Amino acid sequence: MKAAILQTPRKLDIVDLVIDKPAPHEVLIRTVCSGLCHSDLHAIDAPVLQGSVMVRGHEASGIVEAVGSEVSYVQPGDHVITFPVQFCGSCEFCLGGRPTICGARFGARPAEANPRLILNGVPIAQFANLGGFAEQMLVHEHAVIKINPDYPLDRAAIIGCGVCSGLGSVLKTANVRPGSTVAVVGGGGVGLSAVQGARIAGARRIILVEIQPEKFDLARKAGATDCINAADGDPVEQIMEMTGGGVDYSFECLGLKETCEQSVRMLRTGGVATIIGVGGDFTVNMAWLLTGERRVQGAAMGSVNFRSDLAHYIELDMQGRIDVASLIEKHIALDEINDGYEAMRRRTIHGRRVIVFPQ
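An account of the accompanying structure is given in this report.

Parameters at a glance
- Residues numbered from 1 in each chain as written.
- Predicted model: local features only at pLDDT ≥ 70, side-chain atom pairs only at ≥ 80, totals over all residues.
- Heavy atoms only, no water.
- Core = buried A, V, L, I, M, F, W, Y, C linked by side-chain atoms within 4.5 Å.
- Buried < 20%, exposed > 50% of the residue type's maximum accessible area, 1.4 Å probe, protein only.
- Helix = DSSP H or I, 4+ residues; strand = E, 2+ residues; numbered from the N terminus.
- Contact = heavy atoms within 4.5 Å.
- Salt bridge = Lys/Arg side-chain N within 4 Å of Asp/Glu carboxyl O.
- Lys, Arg positive; Asp, Glu negative; His and termini not counted.
- Polar contact = N/O pair within 3.5 Å; in protein donor to acceptor, adjacent residues only side chain to side chain.
- Phe/Tyr/Trp six-rings, centres within 6.5 Å; stacked < 30°, edge-to-face > 60°.
- Lys NZ or Arg CZ within 6 Å of the ring centre and 35° of its normal.
- Disulfide = S-S within 2.5 Å.

Section: the nonpolar core
Side chains of a nonpolar character, in soluble globular proteins, are inclined to be buried together.
Part 1: Grouped together as the largest cluster of nonpolar side chains are 60 residues, with contacts concentrated most on I81, I159, V176, V182, L208, F251 and L310.
Part 2: Counting only elements with at least two residues in this core, the list comes to β4 (26–35), α3 (153–173), β13 (181–185), α4 (189–201), β14 (205–210), α5 (216–222), β16 (247–252) and α9 (306–318).
Part 3: Counting residues per element, this core draws most heavily on α3, which supplies ten residues.
Part 4: Setting aside its immediate chain neighbours within four residues, V176 contacts V170, V182, A201, A203, Y249 and F251.
Part 5: Counting residues in hydrophobic clusters, the runner-up holds 17 residues, among them I44, F133, Y341 and M344.

A word on the pattern of salt bridges
Part 1: If you walk through the whole model with that rule in mind, you get 22 salt bridges.
Part 2: Connected through shared salt-bridge partners, R10, D45, E342, R345 and R346 make up one network.

Concerning the side chain of E141
Part 1: As for its position among the elements, E141 is in the loop between β11 (136–140) and β12 (144–146).
Part 2: Buried and without a salt bridge, E141 has R307 as its closest oppositely charged side chain, separated by 5.5 Å.
Part 3: Here the side chain of E141 touches H25 through a polar contact of 2.7 Å, side chain to side chain.
Part 4: Apart from the residues within four sequence positions on either side, E141 is in contact with H25, E26, V27, E70, V71, S72, Y73 and R307.

So, the packing of aromatic side chains
Part 1: Overall, the coordinates contain three aromatic pairs when judged by the stated rule.
Part 2: Pairing F83 with F306 gives two aromatic rings, centres 4.6 Å apart and planes at 0°, and the pair type is stacked. Taken together, the residues F83 in the loop between β7 (79–82) and α2 (92–95) and F306 in helix α9 connect sequence positions 223 residues apart.
Part 3: Residue F306 is classed as buried on the basis of its relative accessible area of 2%.
Part 4: Taken together, F83, F87 and F306 form an aromatic cluster joined through their ring pairs.
Part 5: It is R56 that lies over the ring of F127; its NZ or CZ is 3.7 Å from the centre.
Part 6: Here the guanidinium or amino end of K146 rests over the ring plane of Y73, the centre of that ring lying 5.5 Å away.

A look at the state of the cysteines
Part 1: Scanning the model with the defined rule gives zero disulfides in all.
Part 2: Here C94 is not cross-linked by a disulfide; its sulfur's nearest cysteine counterpart is in C102, at 3.7 Å.
Part 3: You can call C94 buried: its relative accessible area is 13%.

Scope: geometric values only; no functional claims are made or implied.
What follows is the structure, encoded as structure tokens:
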């Protein structure tokens with residue numbers, strides 16, 4: 001099968017891999033669609049860790065081709081979404097309904113088992129135990145959710161990461177209250193999903209912060225009441241002036257030091273900043289934070305219980321209450337993947353580009 005592997009920085013190579021048969025608890029999926037997510041770009045542009053060669057991609061959908069002997073949840077022909085965090089089902093977090101912070105490193109084959117993927121006799125790793133930039137995926141059964149076969153698989157793919165991260169962070173991690181004020185920093189797929197989540201939650205004011213004003217029309221259609229161009233001046237000062245003291249909730253969707261700090265500074269007394277973007281360290285004024293009972297929290301994949309919540313998000317889209325299709329900028333082929341990530345580097349991408357595999 002063809003797959004895009006990371007073996008040198010800043011480039012994915014299209015190669016032919018050999019894929020194994022499903023083990024007892026595994027599912028073989030024919031990949032239909034796979035979204036280009038910024039999380040993969042971080043790895044593509046970084047030095048390859050410890051010389052590992054890996055199939056990237058984690059935002060994928062497809063159709064089950066075969067299942068292992070112990071699998072009962074899905075069967076061949078089922079439409080599925082893959083999920084980057086596989087749950088063990090027995091740790092305190094899984095049993096407490098928080099599988100996105102599962103305490104076990106779950107989903108990979110045991111080290112002594114045959115590898116799932118091979119290139120020229122050498123085992124190849126799968127990012128997030130998935131490897132969605134490939135014509136097939138061989139994954140643990142706890143990595144999939146069965147979905148309505150009538151739902152378009154391009155939309156299904158991005159629900160599995162970008163949409164659930166934004167929507168879930170608003171609805172589940174932060175539990176935004178009706179009548180509150182919300183700021184979303186970053187207008188990509190995650191940010192626009194957060195905007196839609198804030199609208200569903202009943203926020204009275206939803207402010208998008210971006211440096212690309214061409215995203216403002218889409219943001220307003222998603223539910224933003226105000227849009228701020230951060231290139232025109234300090235967005236914190238702009239938000240403080242327009243809200244009279246800050247927002248109740250902020251959502252940082254870029255993972256940058258500057259925007260993480262801004263998302264905290266734009267809070268009103270008692271406000272909550274939720275950091276969705278994956279980045280490095282940032283600094284906060286602890287006295288200001290604590291004396292005003294402000295809070296900063298992380299959000300792992302929108303805190304979703306993926307086998308139930310992703311199905312609910314699909315229902316919301318099918319009912320017209322959210323618009324997932326508007327987040328997709330373009331369909332591409334696998335061999336266009338490097339062009340897609342180059343557009344992401346140049347910030348000329350205005351939505352998700354989704355790989356559609358030949359069927």
